[in-house]
Amino acid sequence: MSFEQLSHSLCSLADSYKLLSREEEIKIARMAISGDKNAKETLIYSNIRFVIKIARNYKAKYNIALEDLIQAALLGMTKALEKFNPEKNIRFITFAVFYIKDEILKECNYMARTIKLSEGGINKFRRIKEISKIYSIDINTAEGQKKLAEKMTIPFWQIKNILQANTPVESIDANIENDKNGNLSLKNTLYVESNAENFIFIEDLKNGIKNAIKDKNDRLIVKMKLGLDCNKISEREIAKYLTKINNKKISHTTVNNRYNRCIEILKHSRFMQGYEDFFYAA
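Described below are features of the structure shown in this document. Starting afresh in each chain, residues are numbered from 1 along the sequence in its written order. The model is predicted, so local features are restricted to residues of pLDDT at least 70 and side-chain atom pairs to those at 80 or more, both for listing and for counting; the totals for chains, interfaces and linings are taken over all residues. Note that the side-chain values use all heavy atoms of the structure and ignore hydrogens as well as water.

1. Points about the packing of helix 12 (residues 235-246) against helix 13 (residues 252-267)
Item 1. The axes are straight lines fitted to the C-alpha atoms, using for helices just the contacting stretch, and the angles between their N-to-C directions are given from 0 to 180°. Helix and strand definitions here come from DSSP, where helices need a minimum of 4 consecutive H or I residues and strands a minimum of 2 consecutive E residues; each element is numbered from the N-terminal end. Taken N-terminus to C-terminus, the directions of helix 12 and helix 13 make an angle of 105°; their axes are 8 Å apart at the nearest point. Regarding the angle of helix 12 to helix 13, the classification is roughly perpendicular. Counting all contacts with helix 12, which are made through Glu235, Arg236, Ile238, Ala239 and Leu242, the residues of helix 13 involved are His252, Val255 and Asn256.
Item 2. Polarity classes work like this: nonpolar for Ala, Val, Leu, Ile, Met, Phe, Trp, Tyr, Cys and Pro, charged for Asp, Glu, Lys and Arg, and polar for all others, with Gly in that last group. Each residue belonging to the contact of helix 12 with helix 13 can be placed in one class, and the counts come to 4 nonpolar, 2 polar and 2 charged. Any angle between 65 and 115 degrees counts as roughly perpendicular, while under 35 counts as roughly parallel, over 145 as roughly antiparallel, and the rest as oblique. Here a residue-residue contact requires only that any non-hydrogen atoms of the pair lie within 4.5 Å.

2. Observations concerning the nonpolar core
Item 1. Counting residues in each nonpolar core, the largest one holds 31 residues, and the members touching the most others are Tyr58, Phe92, Ile100 and Ile104.
Item 2. With 8 residues, the top contributor of residues to this core is helix 5 (residues 66-83).
Item 3. Isoleucine 100 has contacts with Val51, Ile54, Ala73, Gly76, Met77 and Ile93, leaving out every residue within four places of it along the chain.
Item 4. Side-chain atoms within 4.5 Å are what join buried Ala, Val, Leu, Ile, Met, Phe, Trp, Tyr and Cys residues into a set we call a nonpolar core. Partly exposed describes any residue whose relative accessible area lies between the buried limit of under 20% and the exposed limit of over 50%, with all areas from a 1.4 Å probe on protein chains only and scaled to the type maximum. The next biggest cluster of nonpolar side chains, apart from the first, holds 23 residues, and it includes Tyr259, Met272, Phe278 and Phe279.

3. Side note on the packing of aromatic side chains
Item 1. Centre distance within 6.5 Å is the pairing criterion for rings of Phe, Tyr and Trp, where only the six-membered ring of Trp is used; planes under 30 degrees apart are then read as stacked, over 60 as edge-to-face, and the remainder as tilted. If you walk through the whole model with that rule in mind, you get 4 aromatic pairs.
Item 2. Ring centres of phenylalanine 84 and phenylalanine 95 lie 5.6 Å apart, and the angle between their planes is 50°; this geometry places the pair in the tilted category. One end of the pair, phenylalanine 84, is in the loop between helix 5 and helix 6 (92-112); the other, phenylalanine 95, is in helix 6, and 11 residues separate them in sequence.
Item 3. Phenylalanine 84 sits in the buried class, given a relative accessible area of 5%.
Item 4. Look at phenylalanine 95 and you get partly exposed, because its relative accessible area is 23%.
Item 5. Arranged with centres 5.5 Å apart and planes meeting at 85°, the rings of phenylalanine 98 and tyrosine 99 form a pair that is edge-to-face.
Item 6. Given a relative accessible area of 44%, phenylalanine 98 falls into the partly exposed group.
Item 7. Of the aromatic side chains, those joined through ring pairs into one cluster are Phe84, Phe92, Phe95, Phe98 and Tyr99.
Item 8. The criterion is that NZ of a Lys, or CZ of an Arg, lies within 6 Å of the ring centre and within 35 degrees of the ring normal, and then a charge sits over that ring. The ring of phenylalanine 156 has lysine 146 lying over it, and the distance from NZ or CZ to the ring centre is 6.0 Å.
Item 9. Over the ring of tyrosine 259 we find lysine 225, and its NZ or CZ is 4.7 Å from the ring centre.

Without other data, these values stay purely geometric and don't point to any function.
Printed below as a string of structure tokens:
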């Protein structure tokens, strides 16, 4: 669907939802918050023209697909509705603007994110291409990447990271803003371009830990021991820190046991497929 077709389709949808008065908005917002799906839809789509306007501005600036921007904006409106208090003297769209822009910026950062390989990474990438041609290996599949790892005698996760880091770039000068959650912008990737494959590995590792390990103290132990977001910290120092923040005595032996348990979880986690050899080494 083209830019114009999508805009026309959404504007036609908006035509079936009139602009709400302050009194109508309060009434419908109360119903939406209580779980009425029709009221939720009415509140969102009565403001869709404003959403289209914001999305158009970001499309013109960053050349991201309008469909993706509008989907992100609708997600932002849904999040705003969860926090919205209709009893306060503020219109819903005024309150929702922050959430709409926040989600759109996340989408812009995600779509534009790209990092350059280091010199060593470039050499490995060239070698990957050579080996894949010689043995007719498809580098876009997990099976092919495993074969490459065997042929090159390097860990599978290194193959994965090098290929992931070698993302084509349309314009390295694009200045995508940082969102409120600190997601990496295209401009900021320049600061880590000399070690991109390692950076991507760390990001994957942090996401895997977040998804696989439910206890926040366990996540903290693993990240401190592995030196994620900080320098590597000894078990005794970790124990002191956890004792302080939890107001409960925790020994370094307990820290060690919890760390080892978490490593076993990560070895077998579906979120960390391809990184098993890293955790066995850990």
